[in-house]
Amino acid sequence: TKIVELKDVKPVKINFTIYLTETTHSVWETVLHDKTLYMTVPPVLSNGSKESFITLLEFAEERLGCSRCVLCVRKSRPDRAALLRAFMFMGFQLLGPGGLGPSAPAERPDYLYMVYVME
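Here the structure is a predicted model, which means the values were calculated and not measured.

Cut-offs applied
- Position numbers for residues count from 1 along each chain, tracking the sequence in the order it is written.
- Confidence filtering applies because this is a predicted model: local features only for residues at pLDDT of at least 70, side-chain atom pairs given and counted only at 80 or more, and all residues used for totals across whole chains, interfaces and linings.
- Computation of side-chain values: all heavy atoms of the structure, hydrogens and water removed.
- In plain words, nonpolar cores are sets of buried Ala, Val, Leu, Ile, Met, Phe, Trp, Tyr and Cys residues tied together by side-chain atoms within 4.5 Å.
- Three exposure classes are used, based on accessible area relative to the maximum for each residue type with a 1.4 Å probe and protein chains only: buried under 20%, partly exposed in between, and exposed over 50%.
- Strands here mean DSSP runs of E at least two residues long; helices mean DSSP runs of H or I at least four residues long; both are numbered from the N terminus.
- It only takes one pair of heavy atoms within 4.5 Å for two residues to be counted as in contact.

## A short note on the nonpolar core
Nonpolar side chains in soluble globular proteins tend to end up buried together.
Next up, step 1: Among the nonpolar cores identified, the biggest contains 24 residues, and M39, F53, L71, F87 and F92 are the most heavily contacted of them.
Next up, step 2: Elements represented by at least two residues in this core include exactly β1 (12–19), β2 (25–33), β3 (36–40), α2 (49–62), β4 (68–74) and α3 (80–89).
Next up, step 3: For M39, the residues in contact, after removing those within four places along its chain, are W28, E29, T30, F53, L56, C69, V70, L71 and C72.
Next up, step 4: In this structure, Y38, C72, Y111 and Y113 belong to the second largest nonpolar core, which totals six residues.

Below you can see the structure in the form of structure tokens.
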């Protein structure tokens, strides 16, 4: 509840650790601001990362009241092309320069940004 109250006042950093089994988990670093969840793709995607990501999207929409999710992908990642295809398949769209909007954190030239609008 406190996170939801703070998100309209200032950005809130949240790290999600999602356990899929006793030994398998994914960690997603995010920042919640207004109704947008900004997240970076973990450096290494483990087995079950897709399931944990979907769980995170559902939580963001249902519990945090997010209306969109912005994914930040480092341009230098060797698996960047495969990641972009996978996230586009899930409904994400690439954002052009300045596409984050005026209230968003500053864009960095070494990242690509993708947005998913929640219904």
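Now that the structure has been shown, we can carry on.
## What to know about unusual backbone geometry
Leave glycine aside and you will find that most residues have negative phi; peptide bonds, for their part, are mostly trans.
Next up, step 1: A positive phi angle, close to 55°, is found at D34, a residue other than glycine.
Next up, step 2: Examined against the element boundaries, D34 turns out to sit in the loop between β2 and β3.
Next up, step 3: The exposure class assigned to D34 is partly exposed, which follows from its relative accessible area of 27%.

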